[in-house]
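The chain contents come next:
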Amino acid sequence: VVTTGGQQVIDLVVKTLIDPGDVIIAEGPTYPGAVPTFNAYQADVVHIDMDSDGMRVDRLEETIDQLQRDGRKLKFIYTVPTFQNPGGTTMSLERRHQLVRIAAEREVLVLEDNPYGLLRYEGEALPPLYALDGGVYVMYLGTFSKILSPGIRLGWVSAPPPVLEKINVGKQGADLCTSTLSQLMVQAYFERGDWRDYVRSLTDVYRPRRDAMLDALEEFFPAQAEWNRPHGGMFVWVTLPDFIDTTDLLARALRDNVAFVPGAGAFLDGRGRNSMRLNFSASSAERTREGIRRIGKVISEQVELYGTLTGEMPAISTEELEIARREDDAEAGARVVELRRERRQRRRAEGA
Amino acid sequence: VSRVAVLKGGRSLERQVSLRSGANVEDALRHLGHEVVSIDVGSDLISRLRSERPDVAFVALHGRDGEDGTVQELLEILGIAYTGSGVLACSRAIDKVMTKHLLLAEGIPTPDFVAFTQTAFRELGAADTLPAIEERLRFPIVVKPSRQGSALGIKFAGSAADVPAALVAAFSYDERVLLERHVEGRDLAVSVLDGPDGPRALPVVEAVPADGDPYDYESRYDIGRTAFVCPAELDADVTARAQAIALETYALLGCYGFARVDLMLAADLELAVLEANSIPGLTDTSLLPQAAEAAGIEFDELVEQIVELAFSRQSAVGGRQTAT
């Protein structure tokens, strides 16, 4: 079924399968854009954590067992296995096989959301879950938004026939059919046959932007921050010390004209408050670097303030203040950090 | 019939609330037959106002710039009549620390508090005073940014371990924060509306959070998350005291036109002022419109009255008097 953007697939699948209280298993964090949909249909979302190989599929069976024991009704597993939004991680081949096997054994549907799969900047492409399973339990969500145009609002869903029938009924109820004008335009575009060249040109644009962001993070974010290195897609997920609430941090960052997506919006269980999603595809390498510099400065400020408040770090000395006042001087800033680190170490040594 | 510029939106964190307040006001003005000029406040504010030449500006902005006296100052310079409080009252009301000091000086009850700038901690070692502060205020302690509306950045610290993170969060919104004694009790709001016979207090609204829900930003503006009772079910003398305190606060800050005063009613029936809002929300779920309705003033009528008050101030004061 051709849909009005990939987003409509999420809505239609949830509308088709979920009664209030039914369970969806999703990565933690999950796609923030799906959260309002899950909420609107009163789905009960159970998160499974991720590591560098994507969703911890090794925990999937025990989660399903637990749900069964609790008498909760699992309807489907929602996953963005490749260059996940917002996590940036990619599910390993082994876990893909494992997930498809579990889905078949347990007879659980999977919604594979794959908007970014073609935007790979390094490494070998991995087969989609849909290809591994042959479309028996896996529903596949595709979109032209990231490889052609988000404004054209065109996506599609492939699903096992009984589910697809219901999705089709939902689709007719929602908007009868997707704009045929958009469909004809996309058809004409793909008939030209050079769409892969365009995707390649996109990856050539995005790769240096990703690299610029990763370099800038290394340079400007404090040592307490952690992030991953995405091999494709658009996002880096950063986790800060747990005393920083990124929703509040955003208010401070906005005063410096820079924004990010606070992590709380990617969880339905209250987690993610100290995390943030950073996008590197939308801005030039220079602007991305400047944005990361500003966010890094604000975080460092808060890390330092927290240290001062807990007594971990002494209040700033007059000497340090003098240096810090020369704000434009990047080296001066680095010297203050160094001075403070030394003082802290001295204090620790004295304490020990 | 007047040409009314409705100032809404802007870049404050309360933009979304302001857009809803502004849209409500615009609807009312159109019902009343006024000509509406809708302005989403941005860098073209001055040029828009100069070219549109409105008779009066309806300031439906919340938070920074719109509620802190900045936009009011600009309107004074342009000589355009505007709704609500002037620069001084706005500057006082937006600043919780300033408001509380004024209340203390006037003998109007407000919960005990201590306020600091970031500099105090970063450069003057104020962290060493935290244990004494915690002992004085007792837990839970409410930590708030001084100048930020809509409950943004407000945290409850249940123990000493929570205080540093709560302060870091509050400092995200403002250079100055306050630690305030938490008053267990009922959440009341008294709106004040000026009129030909001077300001009068409207019926008291009580905000009753849904079970377990903290009274946070989300629940304040999401229909259904907080129940509002108006008039609040209170003894007549408590209502009278709450209204009297609201009027005193209104006068103390020098508010004009309308304002809302938020209070806590403790178990021992003592009242304490938390803050005053010089431009309270005018959305469907906002408290001032609810209170006005309980007093028999429909929203359209409320808006008309606020606009008329803007004109009467203009003719009475005719601009700010300054020493020469």
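Since this is a predicted model, take the numbers as computed values, not measurements.

A. Looking closely at the overall build of chain A. Per the secondary structure count, chain A includes 12 helices and 12 strands. Taken across its 352 residues, chain A has 51% of its residues classed as buried. Long-range contacts, defined here as pairs at least 24 residues apart, represent 71% of the contacts in chain A between residues at least 6 apart. Of the accessible surface of chain A, which amounts to about 16400 Å², a share of 49% is contributed by carbon and sulfur atoms.

B. Representation of the packing of aromatic side chains in the model. The full count for this structure, using the stated rule, is 14 aromatic pairs over all chains. On the basis of an interplanar angle of 85° and a centroid distance of 6.2 Å, the ring pair of Phe221(A) and Trp227(A) is categorised as edge-to-face. The class for Phe221(A) is buried, based on a relative accessible area of 6%. A ring pair is formed by Phe121(B) and Phe171(B), whose centres lie 6.0 Å apart and whose planes are at 80°; its orientation type is edge-to-face. Residue Phe121(B) is located in helix H6 (residues 118-124), and its partner Phe171(B) is located in helix H8 (residues 163-171); the two are separated by 50 residues in the primary sequence. For the pair Phe121(B) and Phe171(B), one class covers both residues: buried. What links up through ring pairs into an aromatic cluster is the set Tyr130(A), Tyr140(A), Phe144(A), Trp156(A), Tyr189(A), Phe190(A) and Trp195(A). Above the plane of the ring of Tyr82(B) lies Arg313(B), whose end atom (NZ or CZ) is 4.4 Å from the centre.

C. Main features of the nonpolar core. Membership of the largest hydrophobic core comes to 81 residues, with the highest contact counts inside it found for Phe76(A), Tyr78(A), Phe221(A), Met276(A), Leu278(A), Phe121(B) and Leu167(B). Top contributing element to this core by residue count: helix H10 (residues 285-310) of chain A, with eight residues. Among residues more than four places away in sequence, those in contact with Met276(A) are Phe221(A), Val236(A), Trp237(A), Val238(A), Leu240(A), Thr246(A), Leu249(A), Phe260(A), Val261(A), Gly263(A), Ile295(A) and Ile299(A). Ala5(B), Val6(B), Val87(B) and Phe258(B) belong to the second-largest nonpolar core, a separate cluster that totals 43 residues.

D. Focus on the sheet that holds strand S2 (residues 35-40) of chain B. All names here are of chain B. A sheet is described by the order of its strands in space; here four strands give the open sequence S2-S1-S3-S4, paired in parallel fashion. Strands with a single pairing partner mark the edges of an open sheet, and in this sheet they are S2 and strand S4 (81-82). Pairing between strand S3 (residues 56-59) and S4: two bridges, direction parallel. Bridging across to S4, Ala57 finds its partner in Tyr82.

E. Up close: the packing of helix H5 (residues 96-106) of chain B against helix H10 (residues 236-253) of chain B. All names here are of chain B. Orientation of H5 relative to H10, taken along the N-to-C sense of each, is 110°, at an axis distance of 11 Å. Taken as axis vectors, H5 and H10 run roughly perpendicular relative to one another. Every pair of crossing elements has a handedness; the one defined by H5 and H10 is right-handed. On H10, the residues that touch Thr99, Leu102, Leu103 and Glu106 of H5 are Thr249, Leu252 and Leu253. Split by residue class, the contact of H5 with H10 holds four nonpolar, two polar and one charged.

F. Examining the pairing of S3(B) more closely. Residues and elements named next belong to chain B. Where burial is concerned, the two faces of S3 agree: the one with Val56 and Phe58 and the one with Ala57 and Val59 are both buried. Bridge analysis of strand S1 (residues 3-8) against S3 gives four bridges, and the strand direction is parallel. Of the residues in S3, the one forming a bridge with Ala5 is Ala57. Following the chain from S3 across helix H3 (residues 70-78) to the adjacent parallel S4, one finds a crossover that is right-handed.

Rules used throughout
Residues numbered from 1 in each chain as written. Chains lettered and ligands numbered in written order. Predicted model: local features only at pLDDT ≥ 70, side-chain atom pairs only at ≥ 80, totals over all residues. Heavy atoms only, no water. Helix = DSSP H or I, 4+ residues; strand = E, 2+ residues; numbered from the N terminus. Buried < 20%, exposed > 50% of the residue type's maximum accessible area, 1.4 Å probe, protein only. Contact = heavy atoms within 4.5 Å. Areas by Shrake-Rupley, 256 points an atom, 1.4 Å probe, with all protein chains shown as cover. Phe/Tyr/Trp six-rings, centres within 6.5 Å; stacked < 30°, edge-to-face > 60°. Lys NZ or Arg CZ within 6 Å of the ring centre and 35° of its normal. Core = buried A, V, L, I, M, F, W, Y, C linked by side-chain atoms within 4.5 Å. Pairing = 2+ DSSP bridges. Axes fitted to C-alpha atoms, helices over the stretch in contact; angles between N-to-C directions. Parallel < 35°, antiparallel > 145°, perpendicular 65-115°, else oblique. Left-handed = near helix turned anticlockwise from the far one by under 90°. Nonpolar A, V, L, I, M, F, W, Y, C, P; charged D, E, K, R; others polar. Right-handed = clockwise from strand over helix to strand, strands pointing away.

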